[in-house]
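Residue-level listing of the chains:
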Amino acid sequence: MNTFETVINKYNSLRFNSIAVSLEMLVSQAEDNETSYLQFADMLVSHELSKRDENRVNLNMKRAGFPVKKQIEEFDFVSQTTITKKQINRLLDFSYIDNRENIVFIGPPGVGKTHLAIGISYKSVYAGYKVLFTTALELIEMLDLAEAKGELKKKINTISKFDTLVIDELGYLPMNKQSMFNFFQLINALYEYRSIIITTNKDFTNWGDFFFDDNVAVPIVDRIIHHSHIFMMGGESYRLKQKINLNYSTYRI
Ligand code: ADP
Ligand code: MG
């Protein structure tokens, strides 16, 4: 005799866990709607597929390691006039990931570079892509540690599993020779294979300072900017502007 319990156990044994969890609800829905057999068969499998997608997205969102949640919808393109909504929307078909292109946001602090890098990447995770968010400092530390343990290749392979690597705040600190070499190995491995999103306060002409040595800066920069979308952003710091507005309204009260 089939009871819900025995059928649910069979679904569980095949790892159709989402059907198992919702079987009673799905059956009663089908009864209420007088669903055809074929429709019901489809309902079950569609339910499982959509739950699996949802779980995968949730897992990828955790693995991405975004420091904060930032959405493109929250970005005010009126106060930031050096980049347009259209330019950002064009990226949201994620062809930059499929074509292994890079995105670089260059500009002074507070103009929205990290916000946009996270906002775009957030949407790409929902679209099914895998992202790893790091700051340049964290990334360099991670690579240096791996190199010291003789595991640089392994670490680079792990990073290469993500469709996009976000490197936030590149250029704030100088790198030593070994770090630079490790970083070059990573960029070389990702070049034309994965996409990279970089935020930086440095124009490319000054990257030599940051990379310690122009001999390494040139091939690194070359690989990053080849097939890339570069956005030079400017304007006042949004943080500062908000603070000034806040003080102003306090003054008015
Ligand atoms: P950057 O990375 O360029 O230093 P952030 O992206 O971290 O700047 O922006 C600083 C703060 O201001 C963040 O909280 C961000 O969400 C907010 N912000 C910056 N620009 C805008 C904007 N145009 N619209 C809405 N919020 C913004
Ligand atoms: Mg930033």
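Look above for the structure.
Below you will find a few notes about this structure. Small disclaimer: the values here were computed from a predicted structure and weren't measured. (Residues numbered from 1 in each chain as written. Chains lettered and ligands numbered in written order. Predicted model: local features only at pLDDT ≥ 70, side-chain atom pairs only at ≥ 80, totals over all residues. Heavy atoms only, no water.)

Thoughts on the packing of aromatic side chains
Using the criterion set out here, one finds eight aromatic pairs in the structure. With 4.9 Å between their ring centres and 65° between their planes, F75 and F77 make a pair best called edge-to-face. F77 carries the same exposure label as F75, and that label is buried. Ring geometry for F105 against F231: centres 5.4 Å apart, planes inclined by 20°, an arrangement best described as stacked. Residue F105 is found in strand β1 (residues 102-106), and its partner F231 is found in strand β5 (residues 228-232); the two are separated by 126 residues along the sequence. Three or more aromatic residues joined by ring pairs form one cluster here, namely F66, Y122, Y126 and F133. In this arrangement the basic side chain of R194 is found over the ring face of Y193, its NZ or CZ atom lying 4.3 Å from the centre. Of note, R223 hangs over the ring of Y191, and the distance from its end group to the ring centre comes to 5.8 Å. (Phe/Tyr/Trp six-rings, centres within 6.5 Å; stacked < 30°, edge-to-face > 60°. Buried < 20%, exposed > 50% of the residue type's maximum accessible area, 1.4 Å probe, protein only. Helix = DSSP H or I, 4+ residues; strand = E, 2+ residues; numbered from the N terminus. Lys NZ or Arg CZ within 6 Å of the ring centre and 35° of its normal.)

Section: the pattern of salt bridges
Within the structure shown, the criterion is met by four salt bridges. One salt bridge in this structure joins R52 and E48, with 2.9 Å as the shortest N-O distance. With R52 and E48 both in helix α3 (residues 37-64) and four residues apart, the pair spans about one turn of that helix. Classification of R52 as partly exposed rests on a relative accessible area of 34%. With a shortest N-O distance of 2.8 Å, K123 and E73 are connected by a salt bridge. Residue K123 is found in helix α6 (residues 113-126), and its partner E73 is found in the loop between α3 and α4 (85-91); the two are separated by 50 residues along the sequence. The exposed category is assigned to E73, whose relative accessible area is 58%. (Salt bridge = Lys/Arg side-chain N within 4 Å of Asp/Glu carboxyl O.)

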